[in-house]
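A look at the structure
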Amino acid sequence: MLTIAALASLTTLGYAAFYLIKCYASPFGRCRRCKGAGQRPGLIIRRLTRECRRCGATGKRVRVGRRLIEHIRTEYRAGNQ
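Since we're looking at a predicted model, the values are computed, not measured.

Looking only at helices and strands, the chain has two helices and four strands in total. When the helices and strands of the chain are placed in sequence order, the string is α-β-β-β-β-α. Reported as C-alpha extents along the three principal axes, the dimensions of the chain are approximately 60 × 40 × 20 Å. When burial is assessed residue by residue, the chain has 16% of its 81 residues classed as buried.

A few words on the side chain of Arg63. As for its position among the elements, Arg63 is in the loop between β4 (60-62) and α2 (64-78). Buried and without a salt bridge, Arg63 has Glu70 as its closest oppositely charged side chain, separated by 12 Å. Residues in contact with Arg63, not counting those within four places in the same chain, are Tyr19, Lys22, Cys23, Ser26, Pro27, Phe28 and Gly29.

Judged by side-chain polarity, Leu2, Leu7, Leu10 and Leu13 come together as a nonpolar surface patch covering roughly 420 Å² of accessible area. Relative to the assigned elements, Leu10 resides in helix α1 (residues 4-25).

The backbone phi angle of Lys35 is positive, close to 60 degrees, even though this residue is not glycine. Lys35 sits in the exposed class, given a relative accessible area of 58%. The phi dihedral of Ala57 falls on the positive side, at around 65 degrees, and the residue is not glycine. By secondary structure assignment, the location of Ala57 is in the loop between β3 (49-51) and β4.

Here the focus is α1. Spanning 22 residues, α1 covers 31 Å between terminal C-alpha atoms, matching the ideal 32 Å at 1.5 Å per step. The buried count for α1 comes to one of 22 residues, which makes it a mostly uncovered element.

Moving on to the pattern of salt bridges. If the charged atoms of two oppositely charged side chains come close together, the side chains can form a pair. In total, this model carries two salt bridges according to the counting rule given. Note that Glu70 and Arg66 form a salt bridge whose closest N and O atoms lie 3.3 Å from each other. Here the residue Glu70 and the residue Arg66 both occupy positions in helix α2, the gap between them amounting to four residues, near one helical turn. On the basis of relative accessibility, which here comes to 30%, the residue Glu70 falls in the partly exposed class. Close ionic contact of Glu70 with Arg73 constitutes a salt bridge, the shortest N to O distance being 3.3 Å.

In this model, α2 (15 residues) spans 21 Å end to end at C-alpha, consistent with the 21 Å of a helix rising 1.5 Å per residue. Among the residues of α2, Gly65, Arg66 and Ile69 are the ones counted as buried. Considered in projection along α2, the buried side chains sweep an arc of 100 degrees and stay on one side of the axis. Opposite the packed face of α2, turned more than 90 degrees from it, sit the exposed residues Val64 and Ala78.

Procedures and definitions
Residues numbered from 1 in each chain as written. Predicted model: local features only at pLDDT ≥ 70, side-chain atom pairs only at ≥ 80, totals over all residues. Heavy atoms only, no water. Helix = DSSP H or I, 4+ residues; strand = E, 2+ residues; numbered from the N terminus. Buried < 20%, exposed > 50% of the residue type's maximum accessible area, 1.4 Å probe, protein only. Lys, Arg positive; Asp, Glu negative; His and termini not counted. Salt bridge = Lys/Arg side-chain N within 4 Å of Asp/Glu carboxyl O. Contact = heavy atoms within 4.5 Å. Patch = residues over 30% accessible without salt bridge, like charges linked within 9 Å, V, L, I, M, F, W, Y side chains within 5 Å. Areas by Shrake-Rupley, 256 points an atom, 1.4 Å probe, with all protein chains shown as cover. Expected span 1.5 Å × (residues − 1). Arc of directions from axis to C-beta.

Any link to function would need more than the numbers given here.
Here is the structure:
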């Protein structure tokens, strides 16, 4: 019989595995600041837009999990296990 703690642990591990697979398959996500548009409204006049500095006006950002995967891969290749 599974306890609630064991079930919660399995759920968390399943979610983490799903997220890492998603990051490996699709490394880019929407920019949260501009919501994927690549432009933000101006500070004083809202109709005038400016480029989003966070994503470089592409609307895409590298996911945090993908950065983790690349860091682990780099360390492994360098021999710093």
